[in-house]
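Chains, contacts and geometry: an overview
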Amino acid sequence: MTVEKEPSLSRVLGNSTYTVSTERIGSWKANYQVIVKNNSITSTKKASTTAISGSFTSKFLRIDHSKQATYYLKRK
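Residues numbered from 1 in each chain as written. Predicted model: local features only at pLDDT ≥ 70, side-chain atom pairs only at ≥ 80, totals over all residues. Heavy atoms only, no water.

Re the overall build of the protein chain
For the record, the criterion: The helix count covers DSSP runs of H or I at least four residues long, the strand count covers runs of E at least two residues long, and both are numbered beginning at the N terminus. When accessible area is computed with a 1.4 Å probe and restricted to protein chains, residues below 20% of their type maximum are described as buried, those above 50% as exposed, and intermediate ones as partly exposed. Note on contacts: a residue pair is in contact if any heavy atoms of the two residues lie within 4.5 Å. What sets the accessible areas is the Shrake-Rupley method with a 1.4 Å probe; for residues, cover comes only from the shown protein chains.
Within the protein chain, the secondary structure is distributed over zero helices and six strands. Each helix and strand of the protein chain, ordered N terminal to C terminal, gives the series β-β-β-β-β-β. The buried share of the protein chain, taken over its 76 residues, is 26%. Long-range pairs, those at least 24 residues apart, make up 21% of the contacts in the protein chain with a sequence separation of at least 6. Split by element, the accessible area of the protein chain, about 5,400 Å² in all, is 51% carbon and sulfur.

The structure is reproduced here in structure tokens:
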């Protein structure tokens, strides 16, 4: 899993956007962005998946609490 900080236009406010990505080689790839303000996750966006083999039956991105977001994927 990798997490990369995206360039921020509002650095003065201390806001940051992070891209979270992971993959199972030869099977699937997934990524999404997390927006952090005042040291807490405030929102998520741009969730995407790629099924290299098989398919997904459901995908759900949610903020579990102010310090954790999870992209739930169910494969067929």
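Having put the structure on the table, let's press on.
So, the packing of aromatic side chains
Inclusion rule: For this analysis, a ring pair means two rings from Phe, Tyr or Trp (six-membered ring only for Trp) whose centres lie within 6.5 Å, classed as stacked if their planes differ by under 30 degrees, edge-to-face if by over 60, and tilted for the remaining angles. Lysine NZ or arginine CZ positioned within 6 Å of the ring centre and within 35 degrees of the ring normal marks a charge as sitting over the ring.
Within the structure shown, the criterion is met by one aromatic pair. On the basis of an interplanar angle of 80° and a centroid distance of 5.8 Å, the ring pair of tyrosine 32 and tyrosine 71 is categorised as edge-to-face. Of this pair, tyrosine 32 sits in strand S3 (residues 28-37) while tyrosine 71 sits in strand S6 (residues 68-75); the two residues are 39 residues apart in sequence, bridging distant segments of the chain. Under the relative-accessibility criterion, tyrosine 32 is labelled buried at 10%. Here arginine 75 stacks its cationic end above the ring of phenylalanine 56, 5.5 Å away from the centre of that ring.

Side note on the pattern of salt bridges
Defined as follows: Every case where a carboxyl oxygen of Asp or Glu lies within 4 Å of a side-chain nitrogen of Lys or Arg is listed as a salt bridge.
One pass over the full model with this rule turns up one salt bridge. The salt bridge partner of aspartate 64 is arginine 62, with a shortest N-O separation of 2.7 Å. Accessibility expressed as a relative area gives 23% for aspartate 64, which makes it partly exposed.

A closer look at unusual backbone geometry
The phi dihedral of asparagine 38 falls on the positive side, at around 50°, and the residue is not glycine. Relative to the helices and strands, asparagine 38 resides in the loop between S3 and strand S4 (40-51). For asparagine 39, which is not glycine, the phi torsion reads 65° and is therefore positive. Structurally, asparagine 39 can be placed in the loop between S3 and S4.

A short note on the nonpolar core
Put simply, the rule reads: Among buried residues, the Ala, Val, Leu, Ile, Met, Phe, Trp, Tyr and Cys ones that are joined through side-chain atoms within 4.5 Å form a nonpolar core.
Counting residues in hydrophobic clusters, the biggest one holds ten residues: Val20, Trp28, Ala30, Tyr32, Val34, Val36, Ile41, Phe56, Ala69 and Tyr71. At five residues, the largest contribution of residues to this core is made by S3.

Function-wise, these values are silent; they only describe arrangement.
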